[in-house]
Structure formats: C-alpha cells, structure tokens
Amino acid sequence: MGNSIFANCCRHVTDLIFQTRSFNSCDERSPLLPKPPASCTVFLDMPEASQRAGPYPDVIPSEAVTESLQKCTERVQDLPKAKGEEETATTCDSSCSKLSVAATGLLQQAEASYALAVLPLDLEKGSAVLLRGAQLLEACQRHVKLEDGSLDRRSCNQEEHVATAACRALPADLQQSPDCCREATALNSEMSFTDLGSVSKCRSAAPSLGSCETLETSTSDLSANTEKIPCVPKTVSSSLHDETLAQTQDTGADFVLTDCTACPSGSLNCDPDSKVHVLPSKQQQQQQKRRRRKKKLTLLEHPSGVALMNGSGPHENLKGDKDTRQNGHEEAEPGEDGNDQEVIVIQDTGFTVKICAPGIEPFSLQVSPQEMVQEIHQVLMDREDTCHRTCFSLQLDGNVLDNFAELKTIEGLQEGSLLKVVEEPYTVREARIHVRHIRDLLKSLDPSDAFNGVDCNSLSFLSVFTEGDLGDSGKRKKKGTEMEQIDCTPPEHILPGSKERPLCALQPQNRDWKPLQCLKVLTMSGWNPPPGNRKMHGDLMYLYVITVEDRHVSITASTRGFYLNQSTAYNFNPKPANPSFLSHSLVELLNQISPTFKKNFSALQKKRVQRHPFERIATPFQVYSWTAPQAEHAMDCVRAEDAYTSRLGYEEHIPGQTRDWNEELQTTRELPRKNLPERLLRERAIFKVHSDFTAAATRGAMAVIDGNVMAINPSEETKMQMFIWNNIFFSLGFDVRDHYKDFGGDVAAYVAPTNDLNGVRTYNAVDVEGLYTLGTVVVDYRGYRVTAQSIIPGILEREQEQSVIYGSIDFGKTVVSHPKYLELLEKTSRPLKIQKHKVLNDKNEEVELCSSVECKGIIGNDGRHYILDLLRTFPPDLNFLPVEGEEMPEECKKMGFPKQHRHKLCCLRQELVDAFVEHRYLLFMKLAALQLMQQKANKQESSGALENGTPPENGTADSEKSESDDGKIDDNVTGLEQVKELAETIASDDGTVDPKSREVIRNACKAVGSISDASFDIRFNPDIFSPGVRFPESSKEEVQDQKQLLKDAAAFLLSCQIPGLVKDCLDHTVLPMDGATLAEAMHQRGINMRYLGKVINFITKTPGCAQLDHIFKIGISELITRSAKHIFKTYLQGVELSGLSAAISHFLNCFLSSFPNPIAHLPADELVSKKKNKKRKNRNLGNADNTAWASMTPQELWKTICLEAKNYFDFSLECENADQAAEAYNLQKITLLREISLKTGVQILLKEYNFDNRHKPTFTEEDILNIFPVVKHVNPKASDAFHFFQSGQAKVQQGFLKEGCELINEALNLFNNVYGAMHVEICACLRLLARLNYIMGDYSEALSNQQKAVLMSERVLGIEHPNTIQEYMHLALYCFANSQLSTALNLLYRARYLMLLVFGEDHPEMALLDNNIGLVLHGVMEYDLSLRFLENALAISSKYHGSKSLKVALSHHLVARVYESKAEFRSALQHEKEGYTIYKNQLGEHHEKTKESSEYLKYLTQQAVALQRTMNEIYKNGSNANIMPLKFTAPSMASVLEQLNIINGILFIPLSQKDLENLKAEVQRRQQLQESIKSGEQLEPEDKVLEEKEAEPSMPSAEIPLTQSSA
C-alpha cells in the first residue's frame, strides 16, 4: 500500500472492524496481550444464542484447557495421513467442541491466560528463517518512514534507530533479535523499501500507534450497550492469524465476550472491571491498554482455507481442494499435507511499563514480550503529548535499549519497570527527519494533498454530515427522541422536481480544514548548507520561520537541538541570538517564541487524534478528484525539496541507487506458497510491490510527457523516443517503425498496450510457477499514452533478434519455439482456453506454439523465463474483423456485422470466452444426457447391456448411479447436480467403456466443438485470422473448426450476452448509475465497449423500453463522452504546455456551453514570436501547428462527435450541439462534465457553472486547475480471503447467518492482511458485515462497520461514486435504527444530492432513496415534506416496475399512511385501494399481504366515517357540539423502522425465548448430522430441506434480496 502506515492502522484496523468495545482503564495499551481478567461478570447478560459455543472455539482461556488442547493436538498428529482431510476436520471438531464447553465457565477464572499460537511445524523449523526474512522485510517495507528527502534511505540494518515502525508488522514469534533483522535484510536486500513520503502525515495524524483507542473513538460510546450485543463468532480458520496477523491488528478497546467463539479472531479481552468509565481526559484515553489477541491456530492445510469453515460438512472442502490444485494455485503433492497438521504451543503474558519523558508526567504503557523497542518509539512519536520528539533513545537503568531487540530479550525489563526517554544528539539526517515530521504534524488536517492527488491521499466528507464521529450514539440517544430539535428541511436543490444541480455542494467545506494556522512559513534557509567552520561548531542546517505574529526568525539545527541565530534574509550571522532558547525539539522552541503557535499546535494535535483512522490512511492506488476549491499555494519546504530532489531522478529509499523493480516484482512471485501464512505473506508482498510500482510508473510517465526525462534515443523523432527513468522503461503509444502497419498504424499502437495489460493480468492470475511477466502500467496523460514496463535484466545490452527464443518479432514471418516455454505455457492453456497449435515460419517449417505468435519468450540474464507482448492472448473478435471469403452466422449479419474497425487488434474479452465455454458445457451435458436416454429407451429389455451403456467410473456401481440420474433427467428433475455427476462419469473414461457410450460422448464433443473427443475441452487458437500467420496443411481441418468456433463466439456475444445484459437491466438485477458502472456491467458479461451502440439500439427495440430509460440515458451520455474523449486526445497532442489550460477550457466550452462562438485565448507569447515556434516544433510530440486547437467551434466539435459515434460505435446521434443533445436525450450537462473530466483526468474549479448562458462562455482558463493521469494497472488479488468471502456469502444466502458472519470476519482479516486497511474488497466485506450485524440485531456494531464502509468507499472509489451513494443509504438506515434521526436524514439528503449530480432524478434507485427519505420524514412528523418524496418514489416505481408491481403496491401503502397521519382519509383510502387491488391480483385473496391491506382499508373507512360524523356534529351544533375524540396516529419509530426494513429488503422474524431454545437444539442436531455424513452427496437433498426449515426460525431470518416478492 503506497505510503501506508500499516503499523498504525492495519494492525488494529481489522480489529476495529469487528467489535465495539468500551474503553476502560486509563493505563491500557497492549498490542498483544490482555491482563489476566479479575472478573468477568458480563457473561451473565448475554443472549443465550450467543453463548452457544461453536464447534471451533478460538480462545482457550486457561491452563486447565491447555492439556486438552495438547491432547487434541496429539489426536491431529496421530491421524493416519492417508485418511483425507475430512476426517481431520471432524476429529478436530469433536475434540475441540469438548473444550468449548469448559471454556465459557473457565473464562471467569482465567487468572493467567496463555496465548496459544499454533504454528505448523514446517514453518517453525526449516522455513522459519526465510519467512522471518521475508516478513521482516515486508514489515520494513510497510513502515520505514523516510523523513528527509532524497539523501537518506534506510534499511533495517543500516540505521537502526529510525526504522520507525518496521517491526510492528512482524509475526511475534519471528521477531527474534537484531541479528535476525540484519540477516533478513541481507537476505532480501534486493527488495527495497516503499515510498513512504506521506507516512508520517498519517502517522502523525494517527493516535498513538497501536493504541487504537483513539483511533477508534468512533466506537467508544457504541459500547455503552455492548453487554447486550451478541458478538460475532469467528472460525478456527484464524490459522491465518498466525502471528503475522496478530501484529497487523491492534485491539484498542475492550471486548465484552459472549463465549469462546464469539470474539473475532479469538482475542480474549475480559475487562477487569467490566463497567464503562468516563475517561477524565483525552490523554488518558490515549493510554489505553492494547490487548494481546490469543490465538488457537490449527493449520490444516487447504489451499483455499475452505476446510476450516464452520457449519457446512467437510465434503465441500474436498471439491474446493481439487479445483484450486487444478488452477495451479497449489502445486503441492497430496503427500505433503501430512506434516502441516502438527501443532506447537507458545505461551505468553503481557505487562505494563512506566514511561518517563521530559516535561510530562510519567505514564503507563501496556506492552508485550513479543514487541520490539522500536514499536514503543512509534507510539511515542504519535501520542499527542510526545509527538514532537523524534530523536531519542529509551533507557532502562541507564542502559540504552536496542531498537530491534524484543522486549522479552531485555534483562531486567518486567512489570512496572521505568523506561526513560532520553534526548539524543542530532545528525543531519535526524534533523531532516525531525523537520519533516513536524511539517507533517502541522499539515495533518490539511486536505490539499488530497485535492492535488499526491501521496495516495484522497477525500472523505462523511464526517461533515455526521457532525464528527458516529460513535457518540450513546450521548446522542437521549436527544434523538426529542423531535423539536431536528431540522428536517432539505436544501432546495434536493427536493423532488428541482432542476438546479449545484456543484459546490459536492465538496462541502469541512470545519477542520480551515486549519489552525500555527506558522506562516517554515522553510529551509538560503544559507544552507553550513560552511565548514560552522559545521565544526555543530551546525547541521538552517531554517527560516515567519510566525503568525509576523516575526521573522532564523533557526539553527545543531547537534544539541534548535536555537535562534542572528542571520537575516540578507545577512549571515550564525551566532546564537539572545536569548537563544536552545530546545531539543523544534516545537518547544517555537512554543517559546510564538504564543499563537503554542495554542494552535496543541489544538491541532487534539483534533488530529480525534479523526477516524480511515480518513487519513493512504489508499493503495491514487484516487484523483475532478473538482477542487480554489486553494492558496502556501510555502512548504518539504514539498519544494521533494519536487527537485528525490522525485525526479531516483526513488527515496536506498542511498545512491534506484529500486530494481523487476527484481522486486519477480522475487515476490517466487515466495513460497504451500500454506496459508506463506500465501498471505506472498500476496501481501506482491500487492505492496505492485502498488509502489504503479505509483512510480505514474510519476515517471508524467515526467516523460512533461519533458523532464532524457530519451535514450534523443536523436530520433519525438514520437519514436523511448525513456528509462527509475529502472522503468517508458514508450509512447505511437506506431514506431511501422510495426503495426498491417493492424491499423497509430490506432493499433494505441490499443496494443491495454490489450497487453489485459494479457499480463490474466497470466498473473493463473500464476504458473517459473513463468514471469513484466510489471506493466498504462498511463494516459495530456493526450498521450505511455506504457511503463519493468526491465528484463540484460535486454538492453543485446538485439531483440538474439533475445527472443520463443514467438515472433515480426508478426509471424520468422517464428521460433522452445521446449521449456511450451511446457510452461501448456500449464496456462487450460485455464486460459488457449489451444496448442502449429504455424509455418518463413522457411515453411512447422513450429509448435502455445500462445499467439506475437507473444515473445525471452530468458533474462537472471535465468528467468519472461513472456511479453501478450496483446493477442485472447481470440480475435470476428464481428469487427471482416475476412474475405468467410461467411458470418445469421445473427451477426442481422446486426450489420462484420464491420470494419479502425484497427485489427479487436479481441474478445476473457469474461466472454469463459461465458461461452460455460454455455457450451451445458449444451454438451444436455446432448450427452439426451443420447444416453435414447440408448436407454432402445435397450430397456436387456438391463445387463444397459449397465455398460454408461461409461463407468469404477465398476458397475457408478453406472447404476448414472442410470438413476438419467431417470431423474427423464422425470424432469434435471439440474446441474445430475448433469455434473454424469460429466464426471464420462470424464474418467478408463478404457472399459463400451463403444456405444463412447459414441455418445464423441458426438456431443463434436457438436460443441471440443478439441478432445473423449471429454469436454474447448480451446481457442489465438492466431486464427492473424494477418501474416500461416498454418501447415496437416492442421487444415483443425483450423476450420477453430474458425467456426470463433464465429460461434462472435454470434454468442450478440445473441446471448447483449440480450442477457438488457434483461438483467429490466429485472433491475443490474443497476448502473453512471458510465463507469455501465461499462463494468458490460465487461462482466464480456461485452466490449465498442458494442455500446449495439446495446443502445437493442434497448430501443426492447418491448417496454420505457422501463430501460435510465440505461438508455447512461448509454447515450457514455457514447457522447467517449467520442468526445477520442477527439480530446488528439486535440491535446497539438497543444504546448503554456496553452494547456486555455485549450482545455476552450474544448469544454465547445462541448458543453450554450455560448455560440467561444474564442480561445492564446498565450501571449505564441502570438508574438513566430521564429520560436519553428524551432520548438520538434520538441512538441504533436505534429500540428501549435495553435490549430484555437480554431475549433462548437458546431465543428459536435459534428465530429456525431461522426465518431457513427464510426466507432455505429450509432447515429441526432444533435448538433450540447443543448440539442441535452434536450433530445434528457441529459444533464453537469453529468456530462463529470463524465468527461473523469475520463480525461481534467480537474476543474469547484464553483457554479452556468451552462445555458448565451452571452458568455461557461469556462475560463482559470477554471482548469490541473490535468491528472488516467492509470490502468494490474490489481493483484487476495485469493484465500476471496474464497472465505464467497463462502460467507453463500452461507448467508442459505440462512446460516452466524456461520456466514464468521467467514466474512475471517475474510476481512485476510483482506486486511494482504491489502492493508484500504481496499475496494474490504469495503464490500464491511458492508456485508454491517448488514449481518443489523439483521442479527446488533445495531451499533452495524453502524460502526457501515461507517467504515462509507469512509472507505469515499476514499478508494471517489466521493460521488455510485457505490458510495449506496453506502450512504445503508448507513442512514443503521443511524435511524440507532435513533440518530437527524444524522440519518443528512445522510439520505447527501445520497440524493450525489445521485442527482451523477445521473438525475429519473432512476429506479431514486425511488428507493425517496421512500427512505419519506419514511424518516414521516417518522419525525414532517408530513407535507414526506409526501413530496413518497409521491415522487411512487411515480418512479410505477414507471420502472410497471404500475401493477408489488413495489408500487408498497409505495401506495406508504403514501396512504402519511395521508392517514394528516387525517386526509379520502386520499389515504384512494391509495390503499390501489395497493389492495395490486395485492389481490398478484398474490390472491388469501395472501397475508392482501389481508393486511384489507384490514387497513376497514380501519381507514372507520376513521373517515368518524371524522365525517364529527364534522357534521360541528356544523349542526356549532361550538357546543359533543365531539368524540379522534385518533390521529403519529407513527411510532418502531413502525417506521419496520417499513424501512421492508423497502430495503430486510425481513425479520420475531423469536420468543422458546423459539431460541428450539433453534439451538436444531442447530446442534444439524451439526451432529453433518459430522455423521461422510460423503455428503447421498444426503444432500434431505440436508437442503433441513436448511430451509432452519432458515425459518433462524435468528432474524435470512436476508431476503430486494426483489418484487419481498414487497
């Protein structure tokens, strides 16, 4: 994760992510171990369900249990290896469940708790050193903070005492000794450290490192009612938390434990005095204990970790196992599994030390023996009261402690020891680190880095709408119920029907951002470096400061600290001023000379430690904002230094040398991956290096285009130049030396890099050992495409012809092959569906290949086998590749294909190939089944012969099974199970099969185009239809079959995938909101964007296309902006740097403004000097006249856009300017502006733009703030975590919420371990977890998890990404459930505003949003407002779901309820009648919904009659009438919440205590049943029934997806 503070955050993030806990005592902080709990009374209040111990207890709390654990261990070890994994799983299961019973009782008396870390033996012995090295290295990589620009880089062994948090991330048992550190660094010196430019910003912004208490103030108060919360259980699969993880998670506050499984990752934190204290002060809050998680880890080896799951009998795991092996994730032989099952027990306890720092009271710190001294340093540099110190050592009894020593190795360090913080003399490097750290503390709340897209900072606005942190629910609950305080009126522009779309509201001003100014200027003095005679007086460097009071001072940094000197701006006088205020820390010095600094700095630090950690952790990849407010540019010494030193020529970390990216990328791939901890470590390293490489490549590409890098072939024409910067090779997307002449020239050269990147992505995903790809990043910047690649060792020294030993360098004229490459590529051919084939070379010799001819194999000087140029990994798309003499299928011709495209590199997407193969597989099954049935029918009389009729797997038993399957197929009980079983029977053909059945299979194979006639196997030959490639005569037939297969695939895209996409949109299973989400939906189905025009046409021809209005609208705006982007790209190439902002604003005016003839403002010098232009033409990459762009007019641009849309997308746009387009297709100009800005990387000023002014242009050059690169890169995946996540989702869908929750928690842990704290996939995990918490009744935990999901979505995807909008809606629901009504409304209003901006009002999702808003407003008795939203929702639902749908019925009911509350019974009756009619027609008279509606109608009628009577009475008798009291019902919160749940697709089933008892018994019965089932297959049907039964009474029941039926 680029520049992340893994130490601060990740390690505890997973933990924060799980449970709400209370902060209890003020001396807490143990990253690793709990104190022995004194009492554990909390248990008594736990709901019984949560006390039920699961089958895999994670926590074994006391000595009494350790013996039985060891017995359990022995049992695992005694298992005969031959018996499969299933038995291991059950044995463990049974032995451990006995422990769990004891566990709960023992918790109360757990006096001396042990941490049980169970490691596989193989890790402990042989590979320990290796692992240690790798982990250490990793840790350092995450953590080493370089605090002074270019000069200083660190590695662990060089300067020990600054490697700030290097070792926090190390597995505890591996943090042995400094030597180990050094040895590890030596071992891995080739992998250097990450770019940590901004770590300290985060670090400083973070609360004490590892004292996550402050980090998690968010949840501090939620835990007021923790006692009632059923904690989320965790499965034993925490094998991962092998200590590696233990470190990456910080556990700040305490848990209230329900049972031994109930605590995520098994940490056992029973609080000594389980009451919630109100902490006296922030500082004490910061000193909380950090708790050591105790683990019981059993590593049963399974590639996907699936076997460790709770709940679903062991048989599933075996399947998982087979699959992963096939995919090449796991090359291990079955025999190796045995020794992974041995277990070692490590025991440990934590203790408290006192820290005595100069100038503050001594304070206590909870530490663990596993920790390094270094980690205490890090904590001190982050605490509010000690954060200004960086240069100090820790001393015990006068002895300086070694930074890399583990605490347990230090003699005399024990409970209560006093550690002194001793100030050390500075060196130049320490002084620079100090200044950088102070600057980061000063900038910790400043968002400018996020607006400028620097150092992986990005924006988040959630805290503006929640007024700080949602964790304060405890305090706010009281207020929530007093309605008067809530101001519910939304801003005008959010109300339904409003046409105004302001832009400024997108980035509301955050109060914290008007930063407290501490200094006007802090910068390096011009008098640096000190002259020789001053060096000898100890001067290290000079600083220049202007205080807020406007005092100008010069400061000397000397070895003893900082003091004022007598220099001025023009006069050098290094003598100390009088008084000189010598201070060891710069902050102390500034405190003395500037009172304002003193006041504001301390206020700033208070705010810093209060922020949510997710607001400040760096993201793994840079996210750019397309708008930014006007910011004044302030002086910043560090930024200035970075810009001119470290940032250009070389990376920051290793003195005098650059990072060897290729070596790092390949070394991480070679890390071992036999078991879970190894795979985690490997994936983490791969991800880390990739994100660093992407950041470096992006920076380099920008430098290349900006002209800051010297070409390696400077004499050649600009387009042909190539560059090397920072060990990365850069080339431009132009057709150099007519390489792509036959493929479309420059256009082909432009798409080749993205195709190549897709190839790299897929080969990386297959992950074959021994086959290497290059690090590849494609950057689009200022109209140019730059490809950045890591460099193969030795490739620059030799000619390409000599290097290539496999493939072709001239598109198939000369072709060579190599046995080793064939062997490696053969392994990828199955997952990638590539056929091994022969081609002819120039000498007409046959050459065998297992890839396309362009794919080149080169053996580097490091002996590794590299493949590059993977642009034709996938088969060509024949719809866009007309070939003479080839007939296309009917479906293609009907839609106007084949169509000439502008280049010949059109490929099918991998998703399409996979979908096509799957489609063929089902076809194959059906054909085979039908033929077998016919055979059976023909041969019914002789059953003996029939038994041979199906190819047996082993003997006749199987054929009988098959026979019964056929019977089922006959009886229409068909389903994939039978078909699959049949397939397996067929596939394992062992030669004893009678010819008839062979025939069946052969026919089926032939019919679907399989390359084998004994089993289903479809592969593509990527060289078919490749210009210049010739095939030998011998493979003529094969080539014909391949051609047919390609035609079928092209037809499949048109006849199945496009209609499938449109159908999904009609069903609302796919709900894109903007261009990006539409593109994603298309790509998931394998549809390339060049088919966009066809998709839109298909929509217009679909019956009921009004229900697809939103898709049509998104499609058109995507089509327009993509066409405009193509034009913009070439337009920008003709602009030189000085005219960039003028050119961009001119383009946007032509594109969006109603002003008829905008005039471009040419930069003044261009108009004057003609000579200069001629000279400089060569430097400019474009070849046009540099001012040609200025003559563009709106008419011309729109004409070109329509032409482009026709040529590229084959769609006819009917509009001549922006206004017509907006009118004809009902588009919003602001949405078009957002789309074009995101696609081109333009950043515009945040202000209100008037697009419709016909008198002056919309944009001026001042409105264009920046242009960012658009970056495409590989996204390495966390495979194990993903398996857990999927299994968790599956469990939840089956209704096993608790198990699902455990698995998802586990997945979350793994994701954090691989990706760090911030990632899209973690966001999805948190969202699901929050939903489960909510369903299981744990509202405050749901709120806490969802808050993290929102923050993460804002940071990683963007503040107005459709995903973020959804997250806001979920958060609002959970806020409402937590009685935070005004917050819930604010969040819903924000979501509505974002949706209006991104799309507009007319979207099916808007109906859901408006229903939510209407219901909440109804709840706070704002009836008129509520009606506006609910009636809008009703209108939208009727349009998109049809007026007869159940959604609409529900909408009518909601409106009726509001009318009832207003006592307008006539309107209420009218709406409820509509709803009743729909229910009656759709569900029938006797459905409960229909009955409910009919009851409500009766009630309304009574009320209406009563009201009428009363009115009549009043008319008759005037004021002395005898009035009956009327019941006007204000809605109860509970009823509003119930309706909110229904519209959001969550159904609860209330349970009594008795139900819970039954449920418990049922679950236990199910678990026993599953244990008894050895082969799951036979009992699957009964099992299913059982699961359904179980789902009914299960806690709050399974979450029901939002479909019409749920209404």
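Here the structure is a predicted model, which is why all the values come from computation and not from measurement.

**Student:** Explain the overall build of the chain here, please?
**Tutor:** Counting its secondary structure elements, the chain contains 58 helices and 23 strands. Per-residue burial over the chain gives 62% buried out of 1607 residues. Long-range pairs, those at least 24 residues apart, make up 77% of the contacts in the chain with a sequence separation of at least 6. Just so you have it, the chain exposes about 59,600 Å², and 53% of that area is on carbon and sulfur atoms.

**Student:** Help me understand unusual backbone geometry, please; the structure alone is not making it clear to me.
**Tutor:** As a rule of thumb, non-glycine residues mostly have phi less than zero, and peptide bonds are mostly trans rather than cis. Following N528, the chain continues into P529 via a peptide bond in cis, with omega recorded as -15 degrees. Examined against the element boundaries, P529 turns out to sit in the loop between β6 (519-524) and α19 (532-535). Cis geometry is found at the peptide bond from F897 to P898, where omega equals 0 degrees. At R737, a residue that is not glycine, the phi angle is positive and equals roughly 50 degrees. With respect to the helices and strands, R737 occurs in the loop between β12 (728-732) and α26 (745-766). Not every positive phi belongs to a glycine, and D738 is a case in point at roughly 50 degrees.

**Student:** Sorry if this is basic, but what is going on with the sheet that holds strand β20 (residues 865-868) here?
**Tutor:** Note: strands within a sheet are paired through backbone hydrogen bonds, in either parallel or antiparallel orientation. On the basis of which strands lie adjacent, the open sheet formed by four strands has the order β13-β20-β19-β16 and mixed pairing. With one partner strand each, in any of the chains shown, β13 (771-772) and β16 (804-806) form the two edges of the open sheet.

**Student:** It is not clear to me how a nonpolar patch on the surface should be interpreted in this structure. Could you clarify?
**Tutor:** A cluster of nonpolar side chains, contributed by M1511, I1514 and Y1515, occupies part of the molecular surface with about 320 Å² of accessible area. Tracing the backbone through its elements, the reader meets M1511 in helix α55 (residues 1488-1517). Residue class for M1511 comes out partly exposed when judged on its relative accessible area of 35%.

**Student:** Is there a simple way to explain the confidence of the model for the chain in this structure?
**Tutor:** In low-pLDDT segments, the atomic positions of the prediction should not be examined closely. Of all residues in the chain, 67% attain a pLDDT of 70 or more, and the chain-wide mean is 75. Counting interchain partners and residues more than four positions distant, the pLDDT-below-50 stretch residues 1574-1607 has 72 contacts.

**Student:** Hey, could you run me through the sheet that holds β12 in this one?
**Tutor:** Sheet architecture is open: five strands sit in the order β11-β12-β15-β14-β23, paired in antiparallel fashion. Of all strands in the sheet, those bounded by a partner on one side alone are β11 (722-725) and β23 (1270-1273). Strand-to-strand, the axes of this sheet are offset by a mean angle of 20 degrees, without reference to chain direction. Pairing of β12 with strand β15 (residues 784-790) involves five bridges; the strand directions are antiparallel.

**Student:** Before we go on, may I ask you to explain helix α35 (residues 1036-1066) in this structure?
**Tutor:** Since one α-helical turn is 3.6 residues long, residues separated by three or four positions face the same way. Between the first and last C-alpha of α35 there are 44 Å, a value that for 31 residues agrees with the 45 Å anticipated at 1.5 Å per step. The sharpest bend along α35 comes to roughly 35 degrees, located at F1052. Directly beyond the C-terminal end of α35, a positive phi value near 65 degrees is found at H1068.

Procedures and definitions
- Position labels on residues start from 1 in each chain and follow its written sequence.
- Only residues with pLDDT of at least 70 are given local features in this predicted model, and only at 80 or more are side-chain atom pairs given and counted; all residues enter the totals for whole chains, interfaces and linings.
- Each side-chain value is derived from all of the structure's non-hydrogen atoms; neither hydrogens nor water enter the calculation.
- Only DSSP runs of H or I reaching four residues or more are called helices, and only runs of E reaching two or more are called strands; each is numbered from the N terminus.
- For each residue, the accessible area found with a 1.4 Å probe, counting protein chains only, is set against the maximum for its type, and the residue is called buried under 20%, exposed over 50%, and partly exposed in between.
- Note on definitions: a residue-residue contact is assigned when non-hydrogen atoms from the two residues lie within 4.5 Å.
- Accessibility throughout is a Shrake-Rupley quantity obtained with a 1.4 Å probe, and a residue counts as covered only by protein chains that appear here.
- We call two strands paired when DSSP finds no fewer than two bridges between them.
- Only residues whose relative accessible area exceeds 30% and that form no salt bridge enter a patch; like-charged residues are grouped when within 9 Å of one another, and nonpolar side chains (Val, Leu, Ile, Met, Phe, Trp, Tyr) when within 5 Å.
- When a carboxyl oxygen of Asp or Glu is within 4 Å of a side-chain nitrogen of Lys or Arg, the pair counts as a salt bridge.
- Scored from 0 to 100, pLDDT reflects the predictor's confidence in each residue.
- Simply put, an axis is a line fit to the C-alpha atoms, just over the touching stretch for a helix, and the angle between two N-to-C directions goes from 0 to 180 degrees.
- Here the expected span of a helix is defined as 1.5 Å times the quantity of residues minus one.
- Bend is the name given here to the angle between axes fitted to two runs of seven residues, the run ending at a residue and the run starting at it.

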